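# Report on the structure
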Amino acid sequence: MTFQQPDLNTSPKVSDEVRQTTCYMCACRCGINVHMKDGKVAYIEGNRDHPVNKGVLCAKGSAGIMQVNAPSRLKKPLKRVGPRGSGEYVEIEWEEAISTAVDWLTELHETAPHKLAFFTGRDQSQSFTSFWAQHFGTPNYAAHGGFCSVNMAAAGIYTMGGAFWEFGQPDWDHTKLFMIFGVAEDHDSNPIKAGIGKIKARGAKVIGVNPVRSGYNAVADEWVGITPGTDGLFVLALVHELMKAGKIDLHYLAQYTNAPVLIDGETGLLMRDDDGKQLVIDRTTGKLTPFDQKGVQPDLSAQYRHAGVTHKTVMHLMAEKYLDPQYAPENVAEKTGISAAKIKTIAAELARVAFDEAFELEQEWTDFRGETHKTMTGRPVSFHAMRGISAHSNGFQTCRALHVLQILLGTVEVPGGFRFKPPYPKPVEAHPTPHGYGRPGKPLAGPHLGFPRGPEDLQINDDGSACRIDKAFTWENPMSVHGLMHMVISNAHAGDPYPIDTLFMYMANMSWNSSMNTSGVIKMLTDRNEDGRYKIPRIIYSDAYSSEMVAYADLILPDTTYLERHDCISLLDRPICEADGAADAIRWPVVEPDRDVRGFQSVLVELGARIGLPGFLNEDGTPKWKDYADYIVNHERRPGVGPLAGFRGEDGDQFGRGEVNPDQLDRYIENGGFAIQHVPDAARYMKPWNQDYQDWAVEIGLFDAPQPFLFQLYVEPMRKFQRAAEGHGDRQPPEHLRDRLKEVMDPLPIWYPPLEDASVDADEFDVHALTQRPMAMYHSWGTQNAWLRQLHGENPLYLPTKLWQKHGFAEGDWARVTSVHGEITVPVAYQAALNENTVWTWNAIGKRKGTWALSEDAPESNKGFLLNHLIHELLPPKGDGLRWANSDPITGQAAWFDLRVKIEKADAPSESQPAFDPIKSPVAQGPEDLKWKVGK
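Procedures and definitions
- Note that residues are indexed from 1 along each chain, following the sequence as it is written.
- With pLDDT at 70 or above as the cut-off, local features in this predicted model cover only qualifying residues; side-chain atom pairs require 80 or more to be listed or tallied, and sums for whole chains, interfaces and linings still use all residues.
- Computation of side-chain values covers all heavy atoms of the structure but excludes hydrogens and water.
- Strands are runs of DSSP state E lasting at least two residues, helices are runs of H or I lasting at least four, and both sets are numbered from the N terminus onward.
- Radius of gyration: C-alpha atoms only; globule rule: 2.2 Å multiplied by the number of residues to the exponent 0.38.
- Three labels apply to residues, based on accessible area from a 1.4 Å probe with only protein chains included: buried if under 20% of the type maximum, exposed if over 50%, partly exposed otherwise in between.
- Accessible surface is estimated by sampling points in the Shrake-Rupley manner with a 1.4 Å probe; for residues, cover comes only from the protein chains shown.
- Only four residue types enter the charge count: Lys and Arg as positive, Asp and Glu as negative, with His and the chain ends excluded.
- Lysine's charge is taken at NZ, arginine's at CZ, aspartate's at CG and glutamate's at CD.
- In this analysis, two residues are considered to be in contact whenever any of their non-hydrogen atoms come within 4.5 Å of each other.
- Each aromatic pair joins two rings of Phe, Tyr and Trp (for Trp, the six-membered one) with centres within 6.5 Å, and gets the label stacked for planes under 30 degrees apart, edge-to-face for over 60, and tilted for any other angle.
- Over a ring means this: the NZ of a Lys or the CZ of an Arg is within 6 Å of the ring centre and within 35 degrees of the ring normal.

## Section: the overall build of the protein
A tally of regular secondary structure across the protein gives 23 helices and 34 strands. The C-alpha atoms of the protein give a radius of gyration of 27 Å, which matches the 30 Å a tight globule of 936 residues would have. Projecting the C-alpha coordinates of the protein onto the three principal axes gives extents of approximately 90 × 80 × 70 Å. The buried share of the protein, reckoned over its 936 residues, is 65%. Accessible surface, the protein: about 32800 Å² in total, of which carbon and sulfur atoms supply 47%. Once the 95 positive and 121 negative side-chain charges of the protein are each reduced to a mean point, those two points are 2 Å apart.

## Side note on the environment of Tyr714
Note on placement: Tyr714 falls in the loop between helix H19 (691-699) and helix H20 (716-725). Residue class for Tyr714 comes out buried when judged on its relative accessible area of 4%. Between the C-alpha atom of Tyr714 and that of Pro688, which follows or precedes it by 26 residues, the distance is 17 Å. With near-sequence residues (within four places) excluded, Tyr714 lies in contact with Asn258, Ile263, Gly268, Leu270, Val314, Leu317, Arg719, Pro747 and Leu748.

## Examining the packing of aromatic side chains
Per the stated rule, a full pass over the model turns up 42 aromatic pairs. An angle of 85° between the planes, with centres 5.7 Å apart, marks the rings of Tyr252 and Trp689 as edge-to-face. Taken together, the positions of Tyr252 in helix H8 (residues 250-256) and Trp689 in the loop between strand E28 (674-678) and H19 put the pair 437 residues apart, joining distant regions of the chain. According to the relative accessible area criterion, Trp689 is buried, its value standing at 0%. Three or more aromatic residues joined by ring pairs make a cluster, and in this case those are Phe164, Tyr252, Tyr256, Trp365, Phe418, Phe420, Trp689, Phe709 and Phe711. Across from the ring centre of Tyr534, 4.1 Å away, lies the NZ or CZ of Arg84, which sits over that ring. The ring centre of Tyr24 lies 4.1 Å from the NZ or CZ of Arg587, which sits over that ring.

Take a look at the structure:
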């Protein structure tokens, strides 16, 4: 009998309707098609027309359906009725919730705005939240970047006007050698996965530098298992080898960087003309001339002697510094854990691909000096880096070193290299300086966060004390361009530099996985003064879910999930651009909430109007906007430039600049939730120096005027802080910080050991400990997801072969892990592909019992754990009477990855230690099986 194919419906009806919006399950911001049945979400897939993902969608994105239906969703505003941490709340109506917040905040706005500390997590609406805080008048605002990525962002912008992460991407079409440093799998994952697949398909090589071989490093052709915290030393060894061999792009350095700019021999500052333009020696005339003059040929090796002082070029200083034997591979091999032979081989391969495989792209372009070029030179080497090199106390200089390496090879903004995404690159001069001096009832004069140009931009009082509660922009961390969110609670608890009245936080799980010193922070949130009042008097918190932080707030404003609200992924903030196009996107309520919740941004709009914040009211005192959607459409930062760039103007046919279009959101929805304007062909590369790009950027409102600039290998603002430490200028650092500032504020990249190395006994605490985000998770909310939990329901501590064998571990064993700050006891697992002195685990898997609607015996709270219990926001005492922050001394970035521990075998406890008492949750525990029927 022949086989009979069963009668199958191979195209079943998936949905009644498809609604297109933007994913929020990670930082990719992919386009998604949300399939609906009977008004409910039935299925989520990628949008093939979207510029970010082109239809690709990962497990996280598909699992968004479980996020929108999570049992842990908060259902109504809450007011605390028991002690903080008890989880005892009563449900209240929104009018009471809003009125309570208005009562608390109005008096502060009118009398002491600095007593409000407003800090947000990864909310992706920071241009709006910062606008709100600026009009409130508090100096105390920042977002998550200070404990996440500030070293990378600040180093990139000060050096070359942009950085990795959302600022740029490799030239996937032309690169032949791709080198990644410290890249985890949770950010930008779909574009990176697609890009790696694309380049490997045509034979390009991938080199992964990371102590841990997982994710992208697992598919790399070559893995470099570096010792944590030594990436900068490794990079400078590569620089040493390339400079010694003469394998650097001299033409690129002379034309497009400040390598030929002269350094004043007396001050160490860049020499400038009366208009502030940097000066070079023209090789043709031999004369001192501004860098941007037509026909000028800057001389990299020039010297200029005047009034008995010799002035040398930046390039001269770089050669003196990096040809020093201290950077020779033989002298860095032991510290980095990479053999001298390996370092030399990688340097030679970078040089071979960059120069021997260089190519010409047939594209005419005109540079900022007015010179026309028939082709663009391609150097097919590209780099990408993320938190792995950023979250160290030497991370700023490490990131700077990596940018300098790229620039020496001539691989930034050229075909085959690293390419910026609009609106970047922008010189540091195009960014604001920080503002923090406000008056009651008045807005700040400018944005809180910015890029200091020197000591004059520090946010300090006449007595040297900090203006901000997190002590950003002080001598302790002068260039803290993202603030220091990890220091807010501890400083507020200590009343240093002053006590606050209200802590207002959004989507920031600071009582658990987003804080160093977790148990200490919990205590700070619940500590009382002698009069019985809490040391932090009031806490307002907004979240969509019953997280650990909810239990410590006094007033809870329940947020929607990402498919139930309007969001704006804006060119004013963190857009979805690609290197070949300026793009932005929206989210919109594809489903209506089935609970009494409101989008946090709309709540802020109402609070702003009811408090009477300038900027939120019309001249007649009526609210300027009814909700966030109204703000998105009608707000303008500059005439014709608003939160969304697409579909502007009366007919909706303008991009970037144009009058308000009341139908703008509808046009975005019709277009799949995004808008894009492609970069003209002649402007696709060489963006900082390309006249066509500069003119196009002005046309669409990215800039108000062309702003070509030189890459800053030598960062002058750093030299200004260094000079102050040497005793120059009106603003002087305290004595105990002078030596540190002289060392770390070197205007050329340097390497110094992570600060914890000098604060602990490295022989006793001889193991490095790291965390990574898994590809299937994004911050803490992913680990409540019913689908994603099946991938990572618990997290072991991974040990390398050396430590596994040394301590006699076997599968199923547990270990006691101790730092100078704390101790944990956790399950272990074996991983051969791991730096021999490093242990690691997945981050944010561990949960506290009672939270996230999980059962008390959930694996996340019994076998899941955090390394946070081992990390403190302050370094151990050094005997000098001071407690130094466990942060980068330049930017204040939290040094999560400097952690040193010792490890020993332990008897298996009943659950991971430390174990905390369960938290009473305002939502019921979820069912054992999460299921529902969609459609008929």
